[in-house]
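Fold and contact review
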Amino acid sequence: MKKLFAVTIIFFLLIVSALAHDGVNRQDKGPFTLKKLTDDVYVLYGRGGNIGICVTPEGVVVIDDQFADLAPGIAAQIKTISDKPIKFLINTHHHFDHTGGNEFFIKMTTIVAHDNVRKHMLAAPQETIDNQTARIQRLEKQIAEAKDPQSKEVADMKGQIETAKKNVEAARAIKISEVPAPNITFSREMRIYVGGKEIQIFHAKRGHTDGDSIIYFPKEKVAHLGDLFVNRRMPFIDRAHGASTAEWVETLDAVLSRIDPASQVIPGHGDAGTVADLKAFRQYMVDLRAAVKQAIEAGRTREQAVKEIQLPQYSSHIGYAQGLAGNVGIVYDEMKEGK
Ligand SMILES: [Zn+2]
Ligand SMILES: [Zn+2]
């Protein structure tokens, strides 16, 4: 149990930046809100990535599972709509606000995801060791160069070093065989047939990460896009885990060409929406890329681009100012590096 807790903490640290796009903290509200989208498909809002639930006479299919501390509550919410077992749990991608409940649910169900979800989850402890070690070295250098060794800043940095050391220790204690990574993985597409329902799970190109899945219920006309779609808020672009905004647009085009135009679309964060909402998000990506491209062509530095680019048509989005600055920097790097 202690080790699982350590796993939780480590993954949590890893995706702190990913959490920035969560925007609204729904915990104050209790945290769950269950919304029926069709006769058999629901969306469960909580804290972290939105959960999709499909009820069938043979069992329940769940998409994403938020955080470890919420997992028993998620299971209780599912119980209110079906007493059948959970047949499958699908992870849209590896971020811990979407897979944090895996350690709870893996004991009772089979977890399905793209190959790279498993890869990233198994690599996470080593990533933590590397990141935190680099952080310790940076902080030690800053302390050595500090003018006043008695200052509050230096004391703060020493505290941060202690925390980072604890993180490294916890990461070293994790047994990779105990990481609750998906049991079944795929590279392009798979289909699950359960209780008379067809569930399409497919990966198009890179997007939010290099392991995103779209889950589509063709008869019910519901799609869950994970963080490939965030509704009226700023996306997080995880370049460290293979994100690409160029391919993200192509991925969304592949989704739009497959799903029924009348589909309901569950985003990773924000309220379930329509195909029009998804198209609006795609447009944000296109506008963001055009603005950065223009800045690069005008010879602006990364710093200047981050400071200057504004997309006022999106200023009402949750996390706009900080989110846009982050997005501009990442797209700038992507375009400069050509990948
Ligand atoms: Zn997320
Ligand atoms: Zn994410």
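Here the structure is shown first, and the text comes after it.
Conventions adopted
Residues numbered from 1 in each chain as written. Chains lettered and ligands numbered in written order. Predicted model: local features only at pLDDT ≥ 70, side-chain atom pairs only at ≥ 80, totals over all residues. Helix = DSSP H or I, 4+ residues; strand = E, 2+ residues; numbered from the N terminus. Expected span 1.5 Å × (residues − 1). Buried ≥ 20, exposed ≤ 12 C-beta atoms within 10 Å, placed from the backbone. Arc of directions from axis to C-beta. Core = buried A, V, L, I, M, F, W, Y, C linked by C-beta atoms within 7 Å. Domains from an automatic or database assignment. Contact = placed C-beta atoms within 7 Å. Pairing = 2+ DSSP bridges. Axes fitted to C-alpha atoms, helices over the stretch in contact; angles between N-to-C directions. Left-handed = near helix turned anticlockwise from the far one by under 90°. Nonpolar A, V, L, I, M, F, W, Y, C, P; charged D, E, K, R; others polar.

All right, on to helix 7 (residues 152-173) then. Over its 22 residues, helix 7 runs 32 Å from end to end, which matches the ideal 32 Å to within 8%, given 1.5 Å per residue. What helix 7 keeps buried is the set Ala164, Asn167, Val168, Ala170 and Ala171. Along helix 7, the residues classed as buried sweep out an arc of 160 degrees about the axis, all on the same side. In helix 7, the exposed positions that point more than 90 degrees away from the buried face belong to Ala155, Lys158, Gly159, Glu162, Glu169 and Arg172.

Counting residues in hydrophobic clusters, the biggest one holds 71 residues, and the most contacted among them are Ile53, Val62, Ile90, Ile215, Ala223, Leu225 and Val292. Residue contributions to this core reach at least three from each of two domains, namely domain 1 (2-118 + 198-282) and domain 2 (287-337). Discounting chain neighbours no more than four positions away, the residues touching leucine 225 are Ile214, Val255, Val265, Ile266, Pro267 and Gly268.

This part is about unusual backbone geometry. Unusually for a residue other than glycine, aspartate 64 sits at a positive phi of about 70 degrees. Secondary-structure assignment places aspartate 64 in the loop between strand 4 (59-63) and helix 3 (71-79). Unlike most non-glycine residues, glutamine 66 shows phi in positive territory, near 50 degrees. Here glutamine 66 lies in the loop between strand 4 and helix 3.

Before going further, it helps to spend a moment on the sheet that holds strand 3 (residues 51-56). Spatial ordering of the open sheet is given by 1-2-3-4-5-6-7, a layout of seven strands whose pairing is mixed. The open sheet is flanked by strand 1 (33-36) and strand 7 (184-186), the only strands paired with a single partner. Here the strands of the sheet are splayed against their neighbours by 20 degrees on average, with no regard to which way each runs. The pairing of strand 1 with strand 2 (residues 41-45) spans four bridges and is classified as antiparallel. Within strand 2, the position partnered with lysine 35 by the bridge is valine 43. Strands strand 6 (110-114) and strand 7 of the sheet are contacted by helix 6 (residues 115-145), whose axis makes an angle of about 100 degrees with strand 6.

Within the open sheet, the six strands sit side by side as 8-9-10-11-12-13. Their pairing is mixed. Each end of this open sheet is capped by a strand with a single partner; those strands are strand 8 (189-194) and strand 13 (273-274).

Another point: the environment of lysine 84. Within the secondary structure, lysine 84 sits in the loop between helix 3 and strand 5 (86-90). Spatially, the C-alpha atoms of lysine 84 and leucine 44 are 17 Å apart, while their sequence positions differ by 40 residues.

Turning to the packing of helix 9 (residues 275-297) against helix 11 (residues 320-337), a few remarks are in order. One way to put it is that helix 9 packs onto helix 11 with a least axis distance of 10 Å and a crossing angle of 65 degrees. Pair helix 9 / helix 11 crosses with right-handed handedness. Here Leu288, Arg289, Val292, Lys293 and Ile296 of helix 9 come into contact with helix 11, specifically with Asn327, Val328, Val331, Tyr332 and Met335. Here the residues of the contact of helix 9 with helix 11 sort into seven nonpolar, one polar and two charged.

Next up on the list: the environment of leucine 37. Among the secondary structure elements, leucine 37 is positioned in the loop between strand 1 and strand 2. Placed 184 residues apart in sequence, leucine 37 and lysine 221 show a C-alpha to C-alpha distance of 9.7 Å. Contact partners of leucine 37, with chain neighbours within four places excluded, come to Tyr42, Val43, Val222, Gln264 and Ala272.

Geometry only, nothing functional implied.
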